[in-house]
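Per-entry structural report
Given next are the chains, with one letter for each unit.
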Number of protein chains: 2
Amino acid sequence: MTHPRADRPESPEERPVFTRVGGFVDRDAWTAEGWCKIERSLEVVGTRSAMILIREAFYGGRRFDELTRRTGLSDAVAAKRLKQLVDDGLMTQQPYREPGSRTRHEYVLTDRGRALFPVVVALMEWGAGLGGPSAGVELVHAGCGEPLAAAVRCTAGHDVSIEDTQARVKRSRSRR
Amino acid sequence: MTHPRADRPESPEERPVFTRVGGFVDRDAWTAEGWCKIERSLEVVGTRSAMILIREAFYGGRRFDELTRRTGLSDAVAAKRLKQLVDDGLMTQQPYREPGSRTRHEYVLTDRGRALFPVVVALMEWGAGLGGPSAGVELVHAGCGEPLAAAVRCTAGHDVSIEDTQARVKRSRSRR
DNA sequence: CTGTATCCCAGCGGATACTG
DNA sequence: CAGTATCCGCTGGGATACAG
């Protein structure tokens, strides 16, 4: 049943990608009901404005003013996207009172938003490899000062490379 | 100079994000010349079509037909995006000859494309947390069968959490 | 200061028809 | 089979003006 099978045994210029295991899906099963988890993610954070607002939130931005100015987004776009991020549960608006002034709201990341940490790090790392100015914000480990890098591991704790990755279809005996 | 400073020392409902170190940038420096590495990434893989074509390439898709059918993209969009991905150096087109038929081209990921591995894994993992059908493609470690997860580490090898992350501005004394 | 409302344009992505 | 060309609707995002 879980018997390894190379889908295209010998290919020209073998550049390893995931090993496909079992009968692999085709289009019908794919697009059927949002099976692809990447597409699901992109429906929420697939826009430029969403990702850079989240970046800015990780950098510590909280107030509307801060978030728009430091992202360079227009008020309208920022407001719309922030509302969507709140609706989607990535941020919440918390009342906040500065001594002596009236109550404000601050946007703070929820756990779901904070769970994008590896995504943000991975995108930053990959973007750094594209060339361009090497200046900008750099993320480092507070403990030792070394820069961060995204890694892939299995839940058993092993480091996993692309060659060691198997892609298999998980069927969840759904009704119908 | 690199003296730690909490930008907003005590905030309501302290939800940790990155510690900002040094004078933090503002909008002018930001948008100036593409300093943000995330924005740089998004200019290349910021569209839905780009990401899911790359996903499909990781799954082993190579031929134009395969890539369009399994992504559900229209021919036109797939062709346009694939051309862009080739131009941007994420894929190459390799001639490929099936015994007995004429020469074809296959799209294969370059090293730069394959470097998106952590991004893909991180997005899949995050998307799985959004709910929806739990079926679909699952990535596992071929060695032990356990599912993959994205992790963040420093180059010294320590696991790094959000709380242990410092964001600092790297100025690269650029000309002008 | 924190948004909302409107107008506008560019780009994404689908559908269809056509080429080599 | 592997695209290209055209048309067209939708949305993202900027600008500007206005509101609480």
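All right, on to helix 7 (residues 117-128) of chain B then. Given a rise of 1.5 Å per residue, twelve residues ought to cover 16 Å, and the 17 Å separating the end C-alpha atoms of helix 7 of chain B matches this to within 8%. Along helix 7 of chain B, the positions that sit buried rather than exposed are Phe 117, Pro 118, Val 119, Val 120, Val 121, Ala 122, Leu 123, Met 124, Trp 126 and Gly 127 of chain B.

Okay, the interface of chain B and chain A next. When the parts come together, some accessible area is lost, and that loss is often what is quoted as the size of the interface. The interface is formed by 111 residues belonging to chain B together with 111 residues belonging to chain A. Between the two partners, chain B and chain A, sit twelve salt bridges. With a closest N to O distance of 2.6 Å, Asp 159 of chain B and Arg 153 of chain A form a salt bridge. Of the residues forming the side of chain B that touches chain A, the biggest block, eleven residues, is contributed by helix 7 of chain B. Among the residues forming the side of chain B that touches chain A, the class breakdown is 54 nonpolar, 24 polar and 33 charged. Two strands pair when backbone bridges link them, and strand 4 (residues 136-141) of chain A and strand 6 (residues 165-170) of chain B are joined in this way by six bridges, in the antiparallel orientation. Counted as the bridge partner of Leu 139 of chain A is Ala 167 of chain B from strand 6 of chain B.

Not every one of the 19 residues close to DNA strand D is listed here, only the nearest: Arg 48, Ser 49 and Val 77 of chain A together with Asp 65 and Tyr 107 of chain B. Within the contact set of DNA strand D, a phosphate oxygen lies 3.3 Å away from a backbone nitrogen or oxygen of Ser 74 of chain A. Tyr 107 of chain B is positioned such that a nitrogen or oxygen atom in its side chain is 3.0 Å from a phosphate oxygen of DNA strand D. Among the secondary structure elements, those contributing two or more residues to the surface near DNA strand D are helix 3 (48-58) and helix 5 (75-87) of chain A together with helix 4 (64-71), helix 5 (75-87) and strand 3 (103-109) of chain B. Along the lines of polarity and charge, the residues of the surface near DNA strand D split into seven nonpolar, four polar and eight charged.

What follows deals with the side chain of Gln 166 of chain A. Position of Gln 166 of chain A among the secondary structure elements: in strand 6 (residues 165-170). What makes Gln 166 of chain A buried here is its relative accessible area of 13%. For Gln 166 of chain A, the residues in contact, after removing those within four places along its chain, are Thr 19 and Val 21 of chain A together with Glu 138, Leu 139, Val 140 and Ala 142 of chain B.

What follows covers the environment of Asp 88 of chain B. Residue and element names in this part refer to chain B. Summarising the element assignment, Asp 88 is placed in the loop between helix 5 and strand 2 (91-97). Between the C-alpha atom of Asp 88 and that of Val 45, which follows or precedes it by 43 residues, the distance is 9.8 Å. If sequence neighbours within four positions are ignored, Asp 88 has contacts with Val 44 and Arg 112.

It is worth spelling out helix 5 of chain B at this point. Residues and elements named next belong to chain B. With 13 residues, helix 5 should reach 18 Å at 1.5 Å per residue; the first-to-last C-alpha distance of 18 Å fits that figure. For helix 5, every residue scored as buried is listed here: Ala 78, Arg 81, Leu 82 and Leu 85. The buried residues of helix 5 occupy an angular sector of 105 degrees when projected down its axis, which confines them to one face. Opposite its buried face, helix 5 presents the exposed residues Ala 76, Lys 80, Lys 83 and Asp 87, each directed more than 90 degrees away. Where helix 5 is buried, its residues touch helix 2 (37-45), helix 3 (48-58), helix 4, strand 2 and strand 3. Trailing helix 5 by a residue or two, Gly 89 shows a phi angle of about 80 degrees, which is positive.

This part covers the relation of the copies chain B and chain A. Overlaying chain B with chain A gives an RMSD of 0.0 Å, the required rotation being 180 degrees about an axis along which the chain moves by 0.0 Å. The relationship between the two copies is best expressed as a two-fold rotation axis. The C-alpha atom lying nearest the rotation axis in chain B is that of Ala 151 of chain B; the distance is 2.5 Å. Most of the interface of chain B is mirrored in chain A, where 99% of its interface residues are also at the interface.

What follows concerns the protein's contact with DNA strand C. The environment of DNA strand C is made up of 18 residues, and the closest members are Asp 65 and Tyr 107 of chain A together with Arg 48, Ser 49 and Val 77 of chain B. In DNA strand C, atoms within 4 Å of the protein come 74% from sugar and phosphate. One of the side-chain nitrogen or oxygen atoms of Ser 49 of chain B is found 2.5 Å away from a phosphate oxygen of DNA strand C. Of all the secondary-structure elements, those providing two or more residues to the surface near DNA strand C are helix 4 (64-71) and helix 5 of chain A together with helix 3 and helix 5 of chain B. Residues belonging to the surface near DNA strand C are distributed by class as follows: seven nonpolar, four polar and seven charged.

Turning next to the sheet that holds strand 4 of chain A. Where strands meet in a sheet, backbone hydrogen bonds hold them as pairs that are either parallel or antiparallel. As summarised here, the arrangement of the three strands in space is 4(A)-6(B)-1(B), forming an open sheet in which the pairing is mixed. Two strands lie at the open edges of the sheet, namely strand 4 of chain A together with strand 1 (19-21) of chain B, each paired on one side alone. This sheet shows a mean twist of 30 degrees between the axes of neighbouring strands, independent of strand direction.

Each value, and the rule that gives it
- Residue numbering note: each chain is counted from 1, following its sequence as written.
- Written order decides the labels, with chains lettered from A and ligands numbered from 1.
- Given that the model is predicted, a residue must reach a pLDDT of at least 70 before its local features are reported, and side-chain atom pairs must reach 80 or more before they are shown or counted; all residues, however, enter totals for whole chains, interfaces and linings.
- Excluded from the side-chain calculation are hydrogens and water; included are all heavy atoms of the structure.
- Elements are defined by DSSP. Helices are runs of H or I of four residues or more, strands are runs of E of two residues or more, and each kind is numbered from the N terminus.
- Each helix should span, by expectation, one fewer than its residue count multiplied by 1.5 Å.
- Only protein chains enter the accessibility calculation, which uses a 1.4 Å probe; a residue whose area is less than 20% of its type maximum is buried, one above 50% is exposed, and one in between is partly exposed.
- Two residues qualify as a contact provided that any one of their heavy atoms is within 4.5 Å of a heavy atom in the partner residue.
- Each reported salt bridge corresponds to a side-chain nitrogen of Lys or Arg within 4 Å of a carboxyl oxygen of Asp or Glu.
- Throughout, the ten residues Ala, Val, Leu, Ile, Met, Phe, Trp, Tyr, Cys and Pro are labelled nonpolar, Asp, Glu, Lys and Arg are labelled charged, and all others, Gly among them, are labelled polar.
- Strand pairing is assigned whenever DSSP detects at least two bridges linking the two strands.
- If a single non-hydrogen atom of a residue is within 4 Å of a molecule or strand, that residue counts as near it.
- Here a polar contact is recorded for every N or O atom pair within 3.5 Å, except that within protein the pair must consist of a potential hydrogen donor and a potential acceptor, and residues adjacent in sequence are included only if both atoms are side-chain atoms.
- It is the directions from the helix axis to the C-beta atoms whose arc is reported.
- Copy-to-copy alignment: least squares on C-alpha atoms, limited to residues at pLDDT 70 or above in both.
- Axes here mean lines fitted to C-alpha atoms, for a helix over just the part in contact, with angles spanning 0 to 180 degrees between N-to-C directions.

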